Amino acid sequence: DLAFECLCALCLKMSGAYEAYASCADDDGGIDIYGRISIGKPIETIDAKLLETNILSGKKVLLLGQAKKYDKMKIGRPEIQSFLEAVNMCINQYEGNPLPPSHRVPMEYYRKNELFIPVFMTASDFSNKAEAAALSRNLVTVMGRQIAEFLCSRNIGFIKEDGEYRFSKEIFHEWLMKESDGVKRKY
């Protein structure tokens with residue numbers, strides 16, 4: 001679902017990603033989202049002289065993401081393994097692949113074998129085996145409940161009526177359509 005890909009990219013941006021793009025294409029090589037996140041942000045309470053020694057401060061790390069909008073089915077180990085294979089192919093720039101995906105992460109966006117963070121986001125949940133596989137490969141998993149709580153914490157899609165907040169699909173969809181243009185990859 002292309003709208004869900006955009007939503008996931010927007011959540012990554014709101015979470016601190018420097019940039020995040022949704023591929024919004026069928027032939028994307030298994031990478032629905034890509035971007036960069038800054039690491040080592042300066043902390044105001046740390047002495048400025050110590051900050052100068054932080055070699056990671058301001059570095060931007062590649063994000064590669066998968067977005068699956070399943071309603072009730074949990075993400076299983078096969079989906080995790082398939083995504084990690086797609087990440088491996090992408091990070092090696094589809095070397096030796098005679099038919100690389102047509103809507104892949106642009107080659108000029110990253111360096112071969114670059115440090116990266118894989119992120120798998122779903123509207124549903126992950127099975128225990130999927131979580132174990134993700135943990136063993138340093139894959140960040142984000143389930144639907146976490147996405148919903150994140151959006152709630154930012155009051156996205158809510159309207160206040162009679163002193164109470166309620167979710168409004170219309171307001172949420174208006175917000176998503178307005179914000180999606182900034183994360184859709186242009187081909």
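The structure presented is a predicted model; accordingly, all values stated were derived computationally and were not measured. (Residues numbered from 1 in each chain as written. Predicted model: local features only at pLDDT ≥ 70, side-chain atom pairs only at ≥ 80, totals over all residues. Heavy atoms only, no water.)

1. Quick look at the overall build of the chain
A tally of helices and strands in the chain yields six helices and seven strands. What you see in the chain, going N to C, is helices and strands ordered as α-β-β-α-β-α-β-α-β-α-β-β-α. Going through the 187 residues of the chain one by one, you find that 39% of them count as buried. Taking all contacts inside the chain whose residues are at least 6 apart in sequence as the whole, residues at least 24 apart take part in 61%. (Helix = DSSP H or I, 4+ residues; strand = E, 2+ residues; numbered from the N terminus. Buried < 20%, exposed > 50% of the residue type's maximum accessible area, 1.4 Å probe, protein only. Contact = heavy atoms within 4.5 Å.)

2. Thoughts on the nonpolar core
Of all hydrophobic cores here, the largest spans 26 residues; its most connected members are L7, L12, M121, I147, L151 and W175. For this core, the elements supplying multiple residues, two or more each, are α1 (2–14), β1 (17–22), β3 (59–68), β4 (116–122), α5 (144–153) and α6 (169–180). In terms of residue count, the dominant contributor to this core is α1 (eight residues). Excluding residues that lie within four positions of it along the chain, W175 makes contacts with L7, L10, M14, L151 and I156. (Core = buried A, V, L, I, M, F, W, Y, C linked by side-chain atoms within 4.5 Å.)

3. Side note on the pairing of strand β2 (residues 33–39)
Two strands pair when backbone bridges link them, and β1 and β2 are joined in this way by five bridges, in the antiparallel orientation. Looking at β2, one finds that A20 is bridged to G35. Taken together, the seven bridges between β2 and β3 define a ladder with antiparallel strand orientation. Bridge pairing links R36 to L62 in β3. (Pairing = 2+ DSSP bridges.)

4. What about the environment of G30?
With respect to the element layout, G30 can be found in the loop between β1 and β2. The spacing of G30 and G65 is 35 residues in sequence and 8.6 Å in space, taken between C-alpha atoms.

5. Points about the pattern of salt bridges
Under the criterion given, the structure shown has six salt bridges. The partner of K112 in a salt bridge is E95, with the nearest N and O atoms 2.1 Å apart. Here E95 lies in the loop between α3 (77–91) and β4 and K112 lies in the loop between α3 and β4, a separation of 17 residues in the sequence. We classify K112 as partly exposed; its relative accessible area is 37%. Judged by relative accessible area, E95 falls into the exposed class, the value being 58%. Two residues, E149 and R145, come together in a salt bridge whose shortest N-O distance is 3.0 Å. One end of the pair is E149 and the other is R145, both in helix α5 and four residues apart, which spans about a single turn. For R145, a relative accessible area of 60% gives the class exposed. (Salt bridge = Lys/Arg side-chain N within 4 Å of Asp/Glu carboxyl O.)

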